[in-house]
Structures are given as C-alpha cells and as structure tokens.
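# Examining the three-dimensional arrangement
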Amino acid sequence: FGPLLDCLEVGTAFRGVHMTFTNSFVMRRVGLESEAAVQEVLDAAPGYHLRTEGVSTVAGGAHGALTALPPNTSIEQKHTLVLQVDGRAVGFADVIRGFPDSETAYLGLLLFRESEQGKGWGQIFYRKIEDLALREWGCHRIRLSVVESNPVAPFWEKMGFRFTGDSKPHEGLALSSVKQVMEKK
C-alpha cells in the first residue's frame, strides 16, 4: 500500500462523535500497485454495481478507478485513498483535487465491502477526506454526484451535502439513470 496519510487511534472522539473500535484503521493514498486490493473491494460490493451499472461485477473496475480522470485534470490531482482496517482494505475513495475548479474537491466514489457497510466506516472515512480537502488542500467545497438508482443521498445529506439542482444522464453497462450533483461548502 501507499504512504500513510493519517491514522486515528482506537476509541478516538472524532468531530464530536465518539466511536469505540476494537480495530486499528488507516487511510492510505494508493496507485496502480494496489489494483488487486481495490478490485477486491469492488468485487465485495455487488449491490453497488447492480444499482449503478445493472450488473453484479465490473471486470477491470479497479484499473478504471485508479486511472480515470475528468476532463482537463491531471494524474497529480487524482487521489485514490484506501481505508485499511487491521491491514485489510475495506473501502476506497476516488477524490480529484481542484475539479471542476481550483476551490473544489470532487469525490467521485466512496465504496466499502458490503460486509463492512453500516459499521460507521463511511462517516469516519469521509470526515478524513473532508479534512484533507479543506485543511490540507485549501478547497472551499466538496462536490459529488449520486446516481438516482443508488439510494445513498440520505448518507450524504447527513454529512452536510445538499443537492445543487444540477443533473446529467447516467449510462451504466446495463442500466440508465440520472446523476444528481450534491455539494458541501
């Protein structure tokens, strides 16, 4: 795995939320050397693929997650982050620094193994990403898009995001839907 970005101690109070864990967890920035670990997380989340692509698995999904870039961005702006619990990748995020403008970080994906969902990791991982974007990168807002067929908007609203009113079509491998843009300032 890539370099350690940050680590929280077991039982740490985090932004006013106290969660006690019996596991150690770290967030690391990774690249193509971690393709197998990212693919394992993708393979362990078939429900996500069904809701966004219309199929249960996506061959080569990790390579795409590690290399895909929005228009007019560079690989230096891309941050693929893995959340490891007891040394095992349980989730990953794709974050683009400075997209669509220099004051915005774009969260392209935050995904966990289905066996790890509902355990509080999403909130912890997102808060660490938010700290990275706002404090270290100096961004003023974070944007993301939710596919309407994937009911995750309530989680993002709980994290402080609001719908912007912007949307665009989403074409999965075997499913069509709409992407709704959400933003947090």
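These figures come from a predicted structure and were not determined experimentally.

## Topic: the nonpolar core
L107, F125, I129 and W156 are the most contacted members of the largest nonpolar core, which totals 29 residues. Listing elements by their share of this core, those giving two or more residues are β4 (25-30), β5 (78-85), β6 (88-97), β7 (104-112), α4 (121-136), β8 (141-147) and α5 (153-158). Take this core: its biggest share by element is seven residues, from α4. V30, V38, A45 and F92 belong to the second-largest nonpolar core, a separate cluster that totals 15 residues.

## Details of the packing of aromatic side chains
Under the criterion given, the structure shown has seven aromatic pairs. On the basis of an interplanar angle of 70° and a centroid distance of 5.0 Å, the ring pair of F25 and W121 is categorised as edge-to-face. Of this pair, F25 sits in strand β4 while W121 sits in helix α4; the two residues are 96 residues apart in sequence, bridging distant segments of the chain. For the pair formed by F25 and W121, the shared burial category is buried. Aromatic ring contacts, followed pair by pair, group Y126, F155, W156 and F161 into a single cluster.

## What to know about the pattern of salt bridges
A full pass over the atoms with the stated rule returns 13 salt bridges. With its nearest N and O atoms 3.2 Å apart, the salt bridge here joins R113 to E40. Taken as a pair, R113 in the loop between β7 and α4 and E40 in helix α1 (residues 35-43) lie far apart in primary sequence, 73 residues in all. Residue classification places E40 among the partly exposed residues on the basis of a relative accessible area of 46%. For E183, the salt bridge is made with K185, and the minimal N-O distance between the two is 3.9 Å. On the accessibility criterion, E183 (13% relative accessible area) is buried. We classify K185 as exposed; its relative accessible area is 76%. Here the residues in one salt-bridge network are D101, E103, R141, R143, D166, E183 and K185, joined through shared partners.

## Some thoughts on the layout of surface pockets
There is about 1,400 Å³ of room inside the largest pocket. Y48, G108, L109, L110 and S145 are, among the 48 residues lining the largest pocket, the residues nearest its centre. Broken down by element, the lining of the largest pocket gets its largest block of residues, seven residues, from β7. Classifying every residue of the lining of the largest pocket by side-chain character gives 26 nonpolar, 13 polar and nine charged.

## Quick look at the pairing of β7
Of all nine residues making up β7, eight are buried, and the element is well covered by its neighbours. As paired elements, β6 and β7 share seven bridges and run antiparallel to each other. Bridging across to β7, D94 finds its partner in L109. Hairpin connection from β6 to β7: six residues lie between these consecutive antiparallel strands, with G98 at a positive phi of about 75°. Pairing of β7 with β8, which is carried by four bridges, proceeds in the parallel orientation. Paired with A105 across the bridge in β8 is I142. Chirality of the crossover, the property in question, places the unit of β7, α4 and β8 among those that are right-handed.

Cut-offs applied
- Residues numbered from 1 in each chain as written.
- Predicted model: local features only at pLDDT ≥ 70, side-chain atom pairs only at ≥ 80, totals over all residues.
- Heavy atoms only, no water.
- Core = buried A, V, L, I, M, F, W, Y, C linked by side-chain atoms within 4.5 Å.
- Buried < 20%, exposed > 50% of the residue type's maximum accessible area, 1.4 Å probe, protein only.
- Helix = DSSP H or I, 4+ residues; strand = E, 2+ residues; numbered from the N terminus.
- Phe/Tyr/Trp six-rings, centres within 6.5 Å; stacked < 30°, edge-to-face > 60°.
- Salt bridge = Lys/Arg side-chain N within 4 Å of Asp/Glu carboxyl O.
- 1 Å grid on protein atoms, 1.4 Å probe; cavity = no way out; pocket = protein on both sides within 12 Å on 5 of 7 lines; lining within 4 Å.
- Points joined across faces, edges and corners; volume = space filled by probe spheres on them.
- Nonpolar A, V, L, I, M, F, W, Y, C, P; charged D, E, K, R; others polar.
- Pairing = 2+ DSSP bridges.
- Right-handed = clockwise from strand over helix to strand, strands pointing away.

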